[in-house]
Number of protein chains: 2
Amino acid sequence: MKSYEEMTKEELLKEKEGLEAEYKKFQQRGLKLDMSRGKPSQEQLDLSMGMMDVLTSGVDLTCDDGTDCRNYGVLDGISEAKQLIGDMIECNPDNIIIYGNSSLNIMYDTISRSMTHGVMGNTPWCKLDKVKFLCPVPGYDRHFAITEYFGIEMINVPMLPTGPDMDMVEDLVSKDEAIKGIWCVPKYSNPQGITYSDETVRRFARLKPAAKDFRIYWDNAYCVHHLYDINQDHLIEILKECKRAGNPDMVYKFCSTSKITFPGSGVAAIATSANNLEDIKKQLKIQTIGHDKVNQLRHVRFFKDIHGITEHMRKHADSLRPKFEMILDTFERELKGLGAGSWYSPKGGYFITYETLDGCAKNVVAKAKKAGVVMTPAGAPFPYGKDPHDSVIRISPSYPSLEDLTTAIDIFVVCVKLASIEKLLGE
Amino acid sequence: MKSYEEMTKEELLKEKEGLEAEYKKFQQRGLKLDMSRGKPSQEQLDLSMGMMDVLTSGVDLTCDDGTDCRNYGVLDGISEAKQLIGDMIECNPDNIIIYGNSSLNIMYDTISRSMTHGVMGNTPWCKLDKVKFLCPVPGYDRHFAITEYFGIEMINVPMLPTGPDMDMVEDLVSKDEAIKGIWCVPKYSNPQGITYSDETVRRFARLKPAAKDFRIYWDNAYCVHHLYDINQDHLIEILKECKRAGNPDMVYKFCSTSKITFPGSGVAAIATSANNLEDIKKQLKIQTIGHDKVNQLRHVRFFKDIHGITEHMRKHADSLRPKFEMILDTFERELKGLGAGSWYSPKGGYFITYETLDGCAKNVVAKAKKAGVVMTPAGAPFPYGKDPHDSVIRISPSYPSLEDLTTAIDIFVVCVKLASIEKLLGE
């Protein structure tokens, strides 16, 4: 295939003409397709319907330790839920607090508490002139929304195929005491699907931050979200690595079952050092009478143990894999060697990222919209919604049917080609 | 009956001797009884077990408006849950946000948001030199714990049989701009079981606070928790009354099903004006992906409508009434006219308050403990745990069996008598 760069103006114009005809045909179909949100499909939700049957009026809702899950009590989660989540995220159950239904809410609470009460005895952030966060980009828009909401200055750190640019991270955190945290999605990252390399994790654990209250916000949202049985990414467990490196308190690890069972009706958790847990519990006992233990028990009874989760995630993979493969195959077939951008081939997670030529992302998303395909807004994966190169597009394959998704991706490819040619033609 | 005041020293000493013998006998039984926590009993929890059967794998988890409760989406609660809770608290569903499992958590979030972001455009409280809250006393210790946690100065306001001393409330809020709120449990109050009179509610609605961001924190925790079918307290609906009085934004109303279905696995909500809701949602959309819709649906399907809740609360009343009546009968029989303190006779709620002679509450609680009866710590219903008269004791009748409770109250009565005599003898 001849790349667009190699084509003459005439060849490009001819190519464009063909693409415009194709685009018009799509437009005429009046489609309504949505690739914007990382929502599980109905097929995936159906996988967890058995969870609705494990607790009935005939079932004893008592924990192994005798706790009646129906009543008040237990601030940090029932022990069998800690065990299950601990196995899932490779942490000691003693290092875990089980929360409600949303890990995002835990992250919000963590920042909010740091604002009003500080971290382990350090000055509350609301008393400081300036608080900054490092934001590996592209990243998760809802992370950035939290730090923006609290007026925290966000500094972009480029993502490399190995994870965030650690030279930059090391340099910045060692110099600037105002930098209090970094947002990380270390496995099958949102949106690129990159897993941090062993070296990256080790360098994280060995950071020497100027701020005593610097914390790594390790959002392990996709820890068990593999697409393949064998061909999986592996991530070094950060808590142990931090402990080994003499930085035991430097990380908060977050997870949830939102994309395992039901989004919104899952179980979320934080894992961190004993010191951090003590600090958090001082707040937690004021904030709540405890989280939903019946739902914790429901999850435990449904999965039984980590093997139950593994089995369950295989079924999710069976549903997601054809969608991911279709997209990557289409890109390979239609876009490879064309010089119209690049993409990652994740082995898990929920997203595929397409990187257009500089300055083309907004155009592609707008074109797709006019042909009936809703994408995540260009810029969304960046702090303040500003993609400095206007080149990153997040694709969410999970929600549409394979058939709809195939059409949507066909349209997307045409939009990418058109926008690239328009750029090269200087239009 | 001769009151202690009327007795000679010799008579008191003789009375004391008899009581000490009685007390010793109780001690020898090695009892372990708990009247400390407002926890529903197992019998009460069993009333809601049917809720575990309404959602099964064979049931469609779709809302009336087509929302799949299993997936992401819907920030402020499914519409049928808003309808149900709206009927329960006599508010328009449009004025409601359904949260997670804990109304305490909503109150905490409300204060926390006011600290970091202010109320409807006013200065964030963390930027002010001083923030104060009015605290009707005795009151709910967990309310006071939240304001204490945020360094908010708490000012005691005495509870009268009609509710908080409104002369004092009106005077304080109109003069002091630092006063940003007041904690209220307006119906079957915690711990006295007092319901605010019509005049009290009307005066609340007509407050002229110096602070624009002053809010009434109206914790309607016991709105449907009557003990009797006919003999019920009635409370004027505060949102409508505030609107009528030209103060539509002055109140946040909180409620939950914690003591209706399962504590910790219920549904909590806030009701307030459109302006306040808009203010809250700015935060909510940053804080969470939404609350547990499946559990909302579970509650709706279980109760069907407000009549289902009314029916259900009758069963709770049947379980609680004998306990309340036994305690009040015992007090009437053993303590009336004795000059050893006084008590309220609530028609609903979860608690009975006994007021000892000044300076006796701690002694009574300590004596009870040594005889195997755990009470709520004296002082707990006051800010900073300080009861200025050391006279208020909260009794929680719900959790123990009627049999255990009867023994516990017999012990309590002996402890009250002993402590009173000790005081009168100047010991």
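Residues numbered from 1 in each chain as written. Chains lettered and ligands numbered in written order. Predicted model: local features only at pLDDT ≥ 70, side-chain atom pairs only at ≥ 80, totals over all residues.

1. What about the overall build of chain A?
On a plain count of helices and strands, chain A comes out with 13 helices and 13 strands. Against the 2.2 N^0.38 benchmark of 22 Å for 427 residues, chain A shows a C-alpha radius of gyration of 23 Å, consistent with a compact globule. Seen along its three principal axes, the alpha-carbon backbone of chain A occupies a region of about 75 × 55 × 35 Å. Looking at chain A as a whole, 54% of its 427 residues are labelled buried. The long-range share in chain A, meaning contacts at least 24 apart out of those at least 6 apart in sequence, stands at 76%. (Helix = DSSP H or I, 4+ residues; strand = E, 2+ residues; numbered from the N terminus. Rg over C-alpha atoms; globule rule 2.2 N^0.38 Å. Buried ≥ 20, exposed ≤ 12 C-beta atoms within 10 Å, placed from the backbone. Contact = placed C-beta atoms within 7 Å.)

2. Thoughts on the sheet that holds strand β10 (residues 342-343) of chain A
Spatially, three strands are ordered β10-β11-β13 (chain A) in an open sheet, and the strand pairing comes out antiparallel. The two strands at the open ends of the sheet, each matched to only one other strand, are β10 and β13 (392-395) of chain A. (Pairing = 2+ DSSP bridges.)

3. Topic: the environment of Ala205(B)
Residue and element names in this part refer to chain B. Summarising the element assignment, Ala205 is placed in helix α7 (residues 198-205). Since 23 C-beta atoms lie within 10 Å of it, Ala205 is described here as buried. Between the C-alpha atom of Ala205 and that of Val251, which follows or precedes it by 46 residues, the distance is 8.5 Å. In contact with Ala205, other than residues within four places in its own chain, are Ile238, Glu241, Cys242, Arg244, Ala245 and Asn247.

4. Thoughts on the interface of chain B and chain A
Listed per partner, the contact involves 43 residues of chain B and 43 residues of chain A. For the side of chain B that touches chain A, the secondary structure elements donating two or more residues are α4 (103-117), α5 (141-149), α9 (274-287) and α10 (293-303) of chain B. For the side of chain B that touches chain A, the leading source of residues is α4(B), giving six residues.

5. Comments concerning the environment of Phe26(A)
All names here are of chain A. In this structure, Phe26 sits in helix α1 (residues 9-28). Expressed as a C-alpha distance, the spacing of Phe26 and Val137, which sit 111 residues apart in the sequence, is 32 Å. Not counting the four nearest positions on each side in its chain, Phe26 is found in contact with Leu31, Ala371, Ile411 and Val414.

6. Some thoughts on the relation of the copies chain B and chain A
The transform that puts chain B on chain A rotates by 180 degrees and translates by 0.0 Å along the axis, for an RMSD of 0.0 Å. Each copy turns onto its partner about a two-fold axis. The fraction of interface residues of chain B whose copies in chain A are also interface residues reaches 100%, indicating that both copies meet through the same surface. (Least-squares fit on C-alpha atoms with pLDDT ≥ 70 in both.)

7. Remarks on the domain arrangement of chain A
Residue and element names in this part refer to chain A. Each domain of chain A was delimited in the assignment, giving domain 1 (4-44 + 310-424) and domain 2 (62-304). A C-alpha centroid distance of 30 Å is found between domain 1 and domain 2. At the junction of the two partners, domain 1 supplies 25 residues and domain 2 supplies 29 residues. Listing elements by their share of the side of domain 1 that touches domain 2, those giving two or more residues are α11 (306-335), β11 (352-355) and β13. For the side of domain 1 that touches domain 2, the element with the most residues is α11, which contributes seven residues. When its residues are assigned to classes, the side of domain 1 that touches domain 2 shows 16 nonpolar, four polar and five charged. (Domains from an automatic or database assignment. Nonpolar A, V, L, I, M, F, W, Y, C, P; charged D, E, K, R; others polar.)

8. Considerations on the packing of α1(A) against helix α13 (residues 402-424) of chain A
Residue and element names in this part refer to chain A. Relative to each other, α1 and α13 sit at 145 degrees, their axes nearing to 10 Å. The hand of the α1/α13 crossing is left-handed. Contacts between α1 and α13 pair Leu12, Glu15, Lys16, Leu19, Glu20, Glu22, Tyr23 and Phe26 from the former with Ile411, Val414, Lys417, Leu418, Ile421 and Leu424 from the latter. Tallied by class, the residues present in the contact of α1 with α13 amount to nine nonpolar, no polar and five charged. (Axes fitted to C-alpha atoms, helices over the stretch in contact; angles between N-to-C directions. Left-handed = near helix turned anticlockwise from the far one by under 90°.)

9. As for helix α5 (residues 141-149) of chain A
Helical geometry note: an α-helix holds 3.6 residues per turn, so side chains three or four residues apart project in the same direction. All of the buried residues along α5(A) are His143(A), Phe144(A), Ile146(A) and Thr147(A). Projected down its long axis, α5(A) carries its buried residues within an arc of 155 degrees, all on one side. Looking at the buried positions of α5(A), the neighbouring elements they touch are α4 (103-117), β3 (132-137), β4 (153-160) and β6 (179-184) of chain A together with α9 of chain B. Phi turns positive one or two residues past the end of α5(A), at Gly151(A), with a value near 70 degrees. (Arc of directions from axis to C-beta.)

10. Regarding the packing of helix α3 (residues 79-88) of chain A against helix α10 (residues 293-303) of chain A
Residues and elements named next belong to chain A. Close contact between α3 and α10 brings their axes to 9 Å; oriented N to C, the two are set at 55 degrees. Viewed along their axes, α3 and α10 adopt a mutual orientation that is oblique. The crossing of α3 and α10 is left-handed. In this structure, α3 uses Glu80, Ala81 and Leu84 to contact α10, whose residues at the interface are Gln296, His299, Val300 and Phe303. Each residue belonging to the contact of α3 with α10 can be placed in one class, and the counts come to four nonpolar, two polar and one charged. (Parallel < 35°, antiparallel > 145°, perpendicular 65-115°, else oblique.)

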